[in-house]
Amino acid sequence: MTLTFALRPLVLLLVLATLAACGGRSAPEPRTLAGSTMAAPRLVAPRFDDADPVDWPGRAPWHYAVHGIDVSRWQGTVDWSQARRSGVSFAFVKATEGGDVADPLFARNWRATARAGLPRGAYHYYYHCRPAAEQARWFIRNVPREAGALPPVLDIEWTPFSRTCPDRKPGAIVRKEAAEFLSILTRHYGQRPLIYTTVDFYRETELWRLQGYEFWLRSVADHPGEPFDGQRWSFWQYTGTGLVPGVEGKTDINVFAGSAESWAAWLALRRL
C-alpha cells in the first residue's frame, strides 16, 4: 500500500537524523572549520502528495530527511515562501539549454528563492549538437556567481524527441564533452558541478567513468541503488508528478542523500 504524504510528515519526524541508505553518497561529517559540531538546519516535514504514487520496492524517499524540488518555466510562477513552509528545503532552477536558450523564469526564480531563504542552484540542459565550451560560456553568461549557492548542475541525458538533435554519440565522446563543460564551470564558480542523469544514459555512456563529481540521479520506480548499480549519489529525483503547495500543477521532487546534520555540513562546504 502506498504511503501518502498526508502521513509522511509523521514518518519524517522520526528519521531526521537517519543517514542515507546503502548506495547513497555519504555526506561529510557535520563539522565547522574549527572542528566543532554544527547544529542541524531547521527542516519542515514535507506536506507533499503525488499524482502518480509508487509502491516502492526498496527504500522509500520519505525515509530521507531533506526534500527539495527542481523547476523550469513549465511550473509557472512558484510561491517559494509557501513551498518552503510546506517542506521544500532546497531548489534547483533551470537556467539554460544548449548555447542560446535561456529559461524566461530563471531570473525571477533565482531572486525569489533567495528571498525565501532557500538554498538553490542552477542547472543547464545539455544539447548534444553544440560544442561543450560554447554551452558552458552560455551558462556562465546567465547564472551569477554567488557565495553559498548550490553547485551548478549539468543535466545530461538522451534527447530522442528533439526536432534538431536526437543524436546518440558514443560514450567516450559524451564523457569527453561533459568533462570539458564541467571543467569550465568548476574554474568559474569555484566548486565542482553536480551531474544529473537518467538510468539509460548513465549505463549506455558509462557515465560512472567521470570521477570526482557528485551525482543527482533520476529513479522514479525504485531506490537509485538498484538501477544505477550502487552508484554513490548526493541527490535523488524520485518523482516527476509531485504535488507541492506553492507550485501549480506537477513538479519534480528530490531528496538529499544524508541526515539533517550531514545536510548542514554539505551546505557549509558551499559557503567556503
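Data block above holds the structure.
Going along each chain's sequence as written, the residues are numbered from 1 onward. In view of the model being predicted, local features appear only for residues whose pLDDT reaches at least 70, and side-chain atom pairs are presented and counted only at 80 or more, with totals across whole chains, interfaces and linings using the full set of residues. Computation of side-chain values covers all heavy atoms of the structure but excludes hydrogens and water.

A. Just the nonpolar core, in detail. Among the nonpolar cores identified, the biggest contains 54 residues, and Ile69, Trp80, Ile156, Ile195 and Leu207 are the most heavily contacted of them. Comment: elements are numbered from the N terminus, with helices defined as DSSP H or I runs of at least four residues and strands as E runs of at least two. If you tally residues by element for this core, the top one is helix H5 (residues 171-189), at seven residues. Not counting chain neighbours up to four residues away, the residues in contact with Leu207 comprise Ile156, Arg175, Ile195, Thr197, Phe201, Tyr202 and Phe215. Residues enter a nonpolar core if they are buried and are Ala, Val, Leu, Ile, Met, Phe, Trp, Tyr or Cys, with the set joined through side-chain atoms within 4.5 Å. Using a 1.4 Å probe on the protein chains alone, a residue whose accessible area is under 20% of its type maximum counts as buried, one over 50% counts as exposed, and one in between counts as partly exposed. Residue contacts are counted whenever heavy atoms from the two residues lie within 4.5 Å of one another.

B. Highlighting the packing of aromatic side chains. For this analysis, a ring pair means two rings from Phe, Tyr or Trp (six-membered ring only for Trp) whose centres lie within 6.5 Å, classed as stacked if their planes differ by under 30 degrees, edge-to-face if by over 60, and tilted for the remaining angles. Scanning the entire structure with this criterion turns up 24 aromatic pairs. Ring geometry for Phe90 and Phe235: centres 5.1 Å apart, planes at 65 degrees, overall edge-to-face. Placement of the pair is Phe90 in the loop between helix H2 (80-85) and strand E3 (91-97) and Phe235 in strand E9 (residues 235-243), with a sequence separation of 145 residues. For Phe90, a relative accessible area of 0% gives the class buried. Assessed through its relative accessible area of 0%, Phe235 is described here as buried. Measuring from centroid to centroid gives 6.2 Å for Phe235 and Trp263, while their planes differ by 90 degrees, and the two rings are edge-to-face. Of this pair, Phe235 sits in strand E9 while Trp263 is found in helix H7 (residues 260-269), placing the two residues 28 residues apart along the sequence. Taken together, Phe90, Phe92, Tyr196, Trp216, Phe235, Phe256, Trp263 and Trp266 form an aromatic cluster joined through their ring pairs. One residue, Arg59, lies across the ring of Tyr64, its end atom 5.0 Å from the ring centre. In our convention, an over-ring charge means Lys NZ or Arg CZ found within 6 Å of a ring centre and within 35 degrees of that ring's normal.

C. Up close: helix H3 (residues 106-115). If you check which residues of H3 are buried, you get Phe106, Asn109, Trp110, Ala112 and Thr113. Packed against the buried residues of H3 are strand E2 (67-71), H2, E3, strand E5 (120-125) and helix H4 (132-142).

D. Structural view of the environment of Leu118. Its location among the elements puts Leu118 in the loop between H3 and E5. By relative accessible area, Leu118 is classed as buried at 5%. Here the alpha-carbon distance between Leu118 and Gly68, two residues 50 residues apart in the chain, equals 9.6 Å.

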